[in-house]
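The lines below spell out each chain.
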Amino acid sequence: MYPWDNTTINGINTEDSVVQAYNYKSVEDALKDENKSIISLNGRWKYKIFENVHSVVENFYDTEFEDSNWERASVPSILKEDNHEETYTYYNYIGAFRKNSIPKITGKSNRVIIYRRSFYVSKQHNTGEFYLCFEGMIHSFNIYLNGKYVGYSYGKLTPIEFKVSDNIREGNNTICIEMVEFSDSTYLHSKDCSILGIMRSVFIYYEPKLHIRDINVVYSFKEDISDCDLKVQLKLRGNGVEFEKYSIKVMLGEYGYSPKRIGEISCKDMTGEKNIECEFELKNINIWSCENPNLYNIIFKVVDDCNEIVTIKKQVIGFREVMIKNNILMINRKRAEIKGINGANLFNKEHKYPENEKSFEEEVKRLKQFNINSIIINEYPYPQVFYKYCDIYGIYVVDEVEIGNFNRRIGKRIVNDEQLLRCCKDRVISMIERGKNHPSIIMWSLSRILSFGENIEKLYETIKKLDKSRPVFYLGDNELAVSDVFAVKEGTPNFQRVTGELKELSYPIKERIKNITRGFVTTSLERYKNKPILYLSYGGFNEYPLGMLNEHLNEFKKYENWIGGFLNIHSSNVIVSEENYNIIKRKKHNVFIENGIINPLAYEIKKCFQSINVEIIDREKMIFEIKNNYKFITTEKFDCIIKFTKDGEVLSTQVVKYPIVAPYESCIIDLNHYNIENKIGDFNQIEFSFILNENTECYEVGAEVAWEQFEFKREIEGLCSASKEYCNLFSKDKKNKCFEEYTINNKPNNLKIKNISERYLITGKNFQVSVCKVTGNIRMEVKRNSSFNKGYLMEVCSASISDFEKNKLLLLKVLDKLNKKLSDHKRVIGQEIILEADCIIIYFDIKERLLGHRFSQIYKIYDSGKIYCNYTCEGVRNSKNFITNINILSRIKEGNWCGRGPYESHPWTKNGMKYGKFKINLNEDKLLLGRRSDVKNFDFILEDGVYNSVKFMSEVDVVLKKDSMVEDIKNAPLSMDILSDEKVDLNKSGFLYYEKNNLKKNNNKELEFIIKLGSD
């Protein structure tokens, strides 16, 4: 039997898990993290894939083995990345899952990958100890060095080490890895089992004969949190040491500064391994948090009896306290709020495993830049460098043990089978030993298996024995037998209502909530109220992951035992490189940044997670309240910039001096005198922007960290202010008359009107308008070179789209070719024309033939080229409202729009989009697509500088798109679908959540806008 066929064998000749710390030659090297005694084995390796273990060539591990014809691959990498192997299907593995049974590993179909390479060891390292380290291997493997067998590991994504001092030699060495694709431990992973390759760094590090093997730093705070007792536990290893006495000098200093000695330990008679403990009392320390990630270097210098340096080791630590008090998660004795992101696919698959230190650093900085303060490592631990940057930049980490399987039968065996306990316990210990000194790690997760058994209880005991300073939870612990925190996979406000206590309100629970954590709960609800609740994935975002996020958060904040949660939205490692974004075609709702383009949802996160907020106290007097919701920092480093705008145009920018606001405090600011002193004049919006006035680790000076916008009264043009009166001009008895009975009341004006067959043709100085008497659609044309045949075209068509959920096929057809389809489903049943001195008013009473709904259309056409359009949908309940479509059928030179942008801003994800004036990208190949919310106007400059504009009387939602609706037009026409204002109302229980079929409207809907034609 091979070792990978036996689940009780975790490894052969593997070292116990320890913290990662390396030997330095001097304190200066340790502070700079330079000249570590490491031999990197990353780079190009030779490899060959064999169909099974029986087809592997003999003596492949010999130093003289002929491998010149083997292929080459980079390490670390996925073999698919080098185009040598396509992703392997789960064949036996996934088939076993579908049968609800444990995979059967067979020798016939289990591929073997052999890796080989040579490396050089210099003479200066010939007197110490050598350790071979794999930062993570997802497959089981054997190791050979210089033709000799070293050992075996069942594979895990935390460090795996072998002592190779007896196998290594000065000069050239040959290492060989025999990797097996599947083993009996494979099903501890729920996915990615088919990925082939060495996906983490491989290196050899050197230690002197006497060296520090492990470092454990623990501390306890005193009544004053700036004082603490520091305890350091060291494990020393030494064989063949020539000196009798030695001492360990302990130094401590702030990160980036020279350390000072805080103590010294004298020792003697070193043989084998020895554990040493030392304690120190520290005062006036700077605590670590996500807002103030203050770090310290603790350095251990071992010197012999001649005061010669034997070894120097370093650990980067931070002082912070995590505890649960009164059902609340406390960090540094203040209530914690997890504003997190799911780290399952932080990088796309091509970059998820290979170590790229720069990309990890950029990724962590980006999380901070979007106001994300936490991440949960979902089943797949990241390399050490990731945790390093979480320490530096301040990201809370929930580290999860590398066990996960959502097949219930397999999961049930994992949590109950005693043979698997050893394997699971090894992964738990390895996770804790690797991360125990990282201040960023604030909680441990015992994986996401949806079953509970004795093994989970034993794993919990193992964690608490090694680390009592961090809470532990397990997703499958529905009875809360061991979890310190109640972890919920998908959380909704309704769920929190039943399982939490309101801060200010309280009411009796009449019935148990149904299907809590998939319906496996039998314990009393009171038990859940005695635990902090952590949401591993916010619920209610199925169609759009961040739908109504701000409303969700506001509901959650009412409850004492809510501590935050994680968004199920992922991230890649590229930042903005293009201007255009098309979320509709890609449908990547769960991608944070993709192919160099920031997803608009990222701005939603940043806005909803910001920690400085502004509320309006008195709108008339312009009095506002600035709230500092940071836990540990004041607003001293943030400048407040206020902009007064009108329809997106900035009228005035003011830097406002305001008092420094302490954490959890607020201040009042009066803007009325700014308006008077600076004579700003007429404005309809005020924007607050909080800008950094100094450089930080993640931001440059001038970066915006928070903002708020407030709407004021908007000026409406006089020609539309009396729009309601226009409807009263039409006589009731003429609305339903036939076309033959229709007459025109002739009055003098500067417009000419003709009644031509099924349309009215209205001609002005440089434009003409054609109105269809059958459908009510209107088509506008601007004269060019004294000819309408080569003019600029624009048309408007509309219809009522009701019962949206029941008529999806109809909607798809309408959106496909809207101008044609709408005409097929509506007919004018009444009409009237009124001629005024400067305009022509046309009224249509229209019936939607498919569902029988009625609505009216009013056009008021002025001789100046302005066209007022009014669409009213009468008495239609539960409708998506009418859709109006404006088609610009001529080539557009440039354009801009005023609304929320610049990216897509759905009504349920528009909090992160600022209101302003933005340009439209009109390349030949690309167009800024997607939906825009709260749009007030669009301006288009056509060829030869002809200017057209569409101005809405109320804020509407607009979808821009390219569509070749007219076959003979080759100049890439632009189409705008205008939707009514969509709002999500409270459901019956009074809690906000988003559902498409729950959108509620008033009985009457109205859309008004003005089209301005042909001005320069």
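One can find the structure itself at the top, above this paragraph.
Residues numbered from 1 in each chain as written. Predicted model: local features only at pLDDT ≥ 70, side-chain atom pairs only at ≥ 80, totals over all residues. Heavy atoms only, no water.

If you trace the 3 strands from one edge of the open sheet to the other, you get β32-β33-β36, paired in antiparallel fashion. Each of the sheet's edge strands pairs with one partner strand only, and the pair in question is β32 (612-618) and β36 (666-670). Ignoring strand direction, the axes of neighbouring strands in this sheet form an average angle of 25°. Pairing of β32 with strand β33 (residues 623-628) involves 6 bridges; the strand directions are antiparallel. Each bridged residue has a counterpart across the sheet, and for isoleucine 612 the counterpart in β33 is asparagine 628. (Pairing = 2+ DSSP bridges. Helix = DSSP H or I, 4+ residues; strand = E, 2+ residues; numbered from the N terminus. Axes fitted to C-alpha atoms, helices over the stretch in contact; angles between N-to-C directions.)

Between two packed helices, both the angle of their axes relative to each other and the distance between the axes serve to describe the pair. For the pair helix α4 (residues 357-369) and helix α5 (residues 384-393), the least separation of the axes is 9 Å and the interaxial angle reads 40°. In the crossing of α4 with α5, the sense of the turn from one axis to the other is right-handed. Residues Glu357, Phe360, Glu361, Val364, Lys365 and Lys368 of α4 form the contact with α5, whose own contacting residues are Val385, Phe386, Lys388, Tyr389, Cys390 and Tyr393. Classifying every residue of the contact of α4 with α5 by side-chain character gives 7 nonpolar, no polar and 5 charged. (Left-handed = near helix turned anticlockwise from the far one by under 90°. Contact = heavy atoms within 4.5 Å. Nonpolar A, V, L, I, M, F, W, Y, C, P; charged D, E, K, R; others polar.)

Take the packing of aromatic side chains next. Applying the stated criterion across every chain yields a total of 40 aromatic pairs. Ring geometry for phenylalanine 386 against tyrosine 387: centres 5.8 Å apart, planes inclined by 85°, an arrangement best described as edge-to-face. Note on tyrosine 387: relative accessible area 0%, which makes it buried. Members of the aromatic cluster, each reached through a chain of ring pairs, are Phe844, Tyr859, Tyr871, Phe952 and Phe1009. Positioned over the ring face of tryptophan 707 is lysine 607, at 4.9 Å from the centre of the ring. For the cation-ring pair, lysine 773 lies above tyrosine 760, with the distance from its terminal atom to the ring centre recorded as 4.9 Å. (Phe/Tyr/Trp six-rings, centres within 6.5 Å; stacked < 30°, edge-to-face > 60°. Buried < 20%, exposed > 50% of the residue type's maximum accessible area, 1.4 Å probe, protein only. Lys NZ or Arg CZ within 6 Å of the ring centre and 35° of its normal.)

Our focus in this paragraph is α5. When you tally the buried positions in α5, you get 9 out of 10 residues, the bulk of the element. Gln384, Val385, Phe386, Tyr387, Tyr389, Cys390, Asp391, Ile392 and Tyr393 are the residues of α5 that are buried. The inward-facing, buried residues of α5 contact α4, β23 (374-376), β24 (396-400), α7 (418-435) and β25 (441-445). Of the residues one or two after α5, glycine 394 is the one with positive phi, at around 90°.

Taken together, the side chains of Glu418, Glu454, Glu457 and Glu461 present a region of like negative charge at the surface. Turning to its location among the elements, glutamate 454 is positioned in helix α8 (residues 454-466). (Patch = residues over 30% accessible without salt bridge, like charges linked within 9 Å, V, L, I, M, F, W, Y side chains within 5 Å. Areas by Shrake-Rupley, 256 points an atom, 1.4 Å probe, with all protein chains shown as cover. Salt bridge = Lys/Arg side-chain N within 4 Å of Asp/Glu carboxyl O. Lys, Arg positive; Asp, Glu negative; His and termini not counted. Charge placed at Lys NZ, Arg CZ, Asp CG, Glu CD.)

Below, the discussion takes up the pattern of salt bridges. One pass over the structure, following the stated rule, counts 34 salt bridges. Note that arginine 261 and glutamate 264 form a salt bridge whose closest N and O atoms lie 3.3 Å from each other. Since its relative accessible area comes to 42%, glutamate 264 is described here as partly exposed. Of the charged contacts in the structure, one is a salt bridge between glutamate 708 and lysine 607, with a shortest N-O distance of 3.3 Å.

This paragraph deals with the nonpolar core. Most often, soluble globular proteins keep nonpolar side chains buried together rather than apart. Grouped together as the largest cluster of nonpolar side chains are 124 residues, with contacts concentrated most on Phe624, Ile686, Phe688 and Phe690. Ignoring any residue separated from it by four or fewer positions in sequence, one finds phenylalanine 688 in contact with Val614, Phe624, Cys640, Ile641, Ile642, Ile669, Leu671, Ala706, Trp707, Glu708 and Phe710. One finds Leu751, Cys873, Leu942 and Leu1007 within the second-largest nonpolar core, a separate group that totals 47 residues. (Core = buried A, V, L, I, M, F, W, Y, C linked by side-chain atoms within 4.5 Å.)

Okay, the side chain of asparagine 870 next. The topology assignment puts asparagine 870 in strand β47 (residues 866-874). Of the residues examined, asparagine 870 reaches a relative accessible area of 1% and is grouped as buried. Among the polar contacts made by the side chain of asparagine 870, one reaches the side chain of tyrosine 868 at a distance of 3.0 Å. If near-sequence neighbours (up to four positions away) are discounted, asparagine 870 is found in contact with Ser856, Gln857, Ile858, Glu1006, Leu1007 and Glu1008. (Polar contact = N/O pair within 3.5 Å; in protein donor to acceptor, adjacent residues only side chain to side chain.)

Within the secondary structure, leucine 889 sits in the loop between β48 (879-888) and β49 (892-901). Given a relative accessible area of 3%, leucine 889 falls into the buried group. Along the sequence, leucine 889 and glutamate 795 sit 94 residues apart, while their C-alpha atoms lie 7.8 Å from each other.

Here we take up the sheet that holds strand β29 (residues 562-567). The 8 strands are arranged β26-β25-β24-β23-β22-β29-β28-β27 in an open sheet whose pairing can be described as parallel. The sheet terminates laterally at β26 (472-473) and β27 (486-488), the two strands that pair on one side only. With 3 bridges joining them, β27 and strand β28 (residues 533-535) adopt parallel strand pairing. In the sheet register, alanine 487 faces β28, and the bridge partner there is leucine 534.

This brings us to the packing of α7 against α8. Where α7 meets α8, the axes come as close as 10 Å, and the angle between the chain directions of the two elements is 30°. One finds that α7 runs roughly parallel with respect to α8. The two elements α7 and α8 meet at a crossing, and its hand is right-handed. Contacts from Leu421, Cys424, Lys425, Val428, Ile429, Ile432 and Glu433 in α7 reach Asn455, Lys458, Leu459, Thr462, Ile463 and Leu466 in α8. Among the residues forming the contact of α7 with α8, the class breakdown is 8 nonpolar, 2 polar and 3 charged. (Parallel < 35°, antiparallel > 145°, perpendicular 65-115°, else oblique.)

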